[in-house]
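Fold and contact review
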Amino acid sequence: MNKFLLAAAVISLSACTISRQAEVSNVDANSGVVRLSYGQTLLQSARTDDYVANGMATKQCQQLGYATAVSYGQPIVTCTTTSGSLCLNNSVTIQYQCRGIAITQPKYNGYW
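Residues numbered from 1 in each chain as written. Predicted model: local features only at pLDDT ≥ 70, side-chain atom pairs only at ≥ 80, totals over all residues. Heavy atoms only, no water.

Right, let's talk about the environment of Q97 for a bit. Inspection of the secondary structure assignment puts Q97 in strand 6 (residues 86–99). In this structure the C-alpha to C-alpha distance between Q97 and Y66, which are 31 residues apart in sequence, comes to 9.9 Å. The residues contacting Q97, other than those within four sequence positions of it, are S31, G32, V33, T68, A69, V70 and Y72. Within the local environment of Q97, its side chain forms a polar contact with the backbone oxygen of S31, the two atoms lying 3.1 Å apart. Within the structure, the side chain of Q97 is placed 3.2 Å from the backbone oxygen of G32, a separation counted as a polar contact. (Helix = DSSP H or I, 4+ residues; strand = E, 2+ residues; numbered from the N terminus. Contact = heavy atoms within 4.5 Å. Polar contact = N/O pair within 3.5 Å; in protein donor to acceptor, adjacent residues only side chain to side chain.)

Shown next as C-alpha cells:
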C-alpha cells in the first residue's frame, strides 16, 4: 500500500504545470524574427502566458519598424544540462515573425 501511495505522489507531482516568464533571447532585424526563451527543469511542464509573450515580441518588432508580431512554428526545445544520458534542464524557444509597417504620427512642434 505504501508503494502505491509513493508512486501516486510521484506521478501527481511530476505533472505540475509551472508558469514561466519568457525573455527575449534573439532579435534578427534582417529577417524580422524575434525569439523568446524560458527554462524548463526535469519533471516539470512549464508554460508561458501567450498574451504576455506576444506583447513582448510585438514591442521588439515595433522597435524594428514593424506593426505587430505573429507566433509561428512549434516551440524549439533544447537540452541545456545533462547528467549522463538524462536531460535535467531544457530551454524552450518560441519564435515570432514581425509583420506590417508601423505608421508613426509626426510630433506636434507648435506648427502644422
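Anyway, onward from the coordinates.
Quick look at the state of the cysteines now. Using the criterion set out here, one finds 2 disulfides in the structure. What pairs with C79 in a disulfide is C87, and their sulfur atoms sit 2.2 Å apart. Residues C79 and C87 are joined through a disulfide that is right-handed, its torsion about the S-S bond being 120°. Looking at the protein chain, its bonded cysteines, counted consecutively from the start of the sequence, adopt the pairing 1-4, 2-3. (Disulfide = S-S within 2.5 Å.)

In this section: the nonpolar core. The biggest cluster of nonpolar side chains holds 13 residues, and the ones touching the most others in it are V34, L36, Y38, A57, C61, A69 and Y96. Taken together, the elements giving at least two residues each to this core come down to strand 3 (33–41), helix 2 (50–63) and strand 6. With 4 residues, strand 6 is the largest single contributor of residues to this core. (Core = buried A, V, L, I, M, F, W, Y, C linked by side-chain atoms within 4.5 Å. Buried < 20%, exposed > 50% of the residue type's maximum accessible area, 1.4 Å probe, protein only.)

Peptide bonds are, in most cases, trans, and in most cases residues other than glycine have a negative phi. Phi is positive for L43, which is not a glycine, with a value near 65°. Tracing the backbone through its elements, the reader meets L43 in the loop between strand 3 and strand 4 (45–47). A residue is classified by how much of its surface remains accessible, and L43, at 56% relative accessible area, is exposed.

Turning our attention to the environment of T93. Along the polypeptide, T93 turns up in strand 6. In this structure the C-alpha to C-alpha distance between T93 and E23, which are 70 residues apart in sequence, comes to 9.4 Å. For T93, the contacting residues outside a window of four places in its chain are R35, L36, S37, P75 and I76. Engagement of the side chain of T93 in a polar contact is seen with the side chain of S37, the distance being 3.1 Å.

Structural measurements only, silent on function.
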